[in-house]
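Structural overview
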Amino acid sequence: MSVEILEDQIIYTTSNKQFIRNIIKFTYDDGRVKAECYLHDGVAELKQVDDGWKVIRIVY
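Presented here is a report on the structure given in the accompanying data block.

Quick notes on the rules
- Residues numbered from 1 in each chain as written.
- Predicted model: local features only at pLDDT ≥ 70, side-chain atom pairs only at ≥ 80, totals over all residues.
- Heavy atoms only, no water.
- Helix = DSSP H or I, 4+ residues; strand = E, 2+ residues; numbered from the N terminus.
- Rg over C-alpha atoms; globule rule 2.2 N^0.38 Å.
- Buried < 20%, exposed > 50% of the residue type's maximum accessible area, 1.4 Å probe, protein only.
- Contact = heavy atoms within 4.5 Å.
- Areas by Shrake-Rupley, 256 points an atom, 1.4 Å probe, with all protein chains shown as cover.
- Pairing = 2+ DSSP bridges.
- Axes fitted to C-alpha atoms, helices over the stretch in contact; angles between N-to-C directions.
- Phe/Tyr/Trp six-rings, centres within 6.5 Å; stacked < 30°, edge-to-face > 60°.
- Lys NZ or Arg CZ within 6 Å of the ring centre and 35° of its normal.
- Core = buried A, V, L, I, M, F, W, Y, C linked by side-chain atoms within 4.5 Å.

It is worth spelling out the overall build of the chain at this point. A count of helical and extended segments in the chain gives zero helices and five strands. Radius of gyration (C-alpha) of the chain: 11 Å, near the 10 Å computed for a compact globule of 60 residues. Classification of the 60 residues of the chain by burial places 28% in the buried group. In the chain, of all internal contacts separated by at least 6 residues, the share reaching a separation of at least 24 is 24%. Accessible surface for the chain amounts to roughly 4,200 Å². Of this, 49% is attributable to carbon and sulfur atoms.

Pasting the structure below:
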């Protein structure tokens, strides 16, 4: 597994608000990718979209 910190990424919430955040990206040996960042109401699990990252759910 590898871990990267990606700085100044565009994050889209479910209501299409945009935030700029640093994210932590985990790449597992089998190719799966998981990304997380801290938003005002908790830690957000993210998926990559064309021009940034979209919040899938908030995990506390």
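Now that the structure has been shown, we can carry on.
A separate point is the sheet that holds strand β3 (residues 33-39). The mixed closed barrel is built from five strands, whose spatial order is β1-β2-β3-β4-β5. Direction aside, neighbouring strands of the sheet carry axes that sit 45 degrees apart on average. Relative to strand β2 (residues 18-27), strand β1 (residues 2-12) runs antiparallel, the two being bridged by nine bridges. By the bridge assignment for β2, isoleucine 10 is matched with isoleucine 20.

Before going further, it helps to examine the pairing of β1. Taken together, β1 and the strand that follows it, β2, pair antiparallel across an intervening segment of five residues, in which asparagine 16 is found at a positive phi of about 65 degrees. Here two bridges tie β1 to strand β5 (residues 52-59), and the two strands are oriented parallel to one another. Among the inter-strand pairings, tyrosine 12 is bridged to a residue of β5, identified as lysine 54.

A complete count under the given rule lists zero aromatic pairs for this structure. Directly above the aromatic system of tyrosine 28 lies the positively charged group of arginine 32, at a separation of 4.4 Å from the ring centroid.

What follows deals with the environment of lysine 25. Along the chain, the position of lysine 25 falls in strand β2. When neighbours within four sequence positions are excluded, lysine 25 is seen to be in contact with Ser2, Val3, Glu4, Leu6, Val33, Lys34, Ala35 and Trp53.

A separate point is the nonpolar core. Core analysis: the largest hydrophobic core is formed by nine residues, namely Ile11, Ile23, Ala35, Cys37, Leu39, Ala44, Leu46, Trp53 and Val55. Elements with a minimum of two residues in this core: β3, β4 (42-49) and β5. Considering every element that reaches this core, the biggest residue donor is β3, with three residues. For alanine 44, the residues in contact, after removing those within four places along its chain, are Ala35, Glu36, Cys37, Leu39, Val55, Arg57 and Ile58.

In short, shape yes, function no, at least from these values alone.
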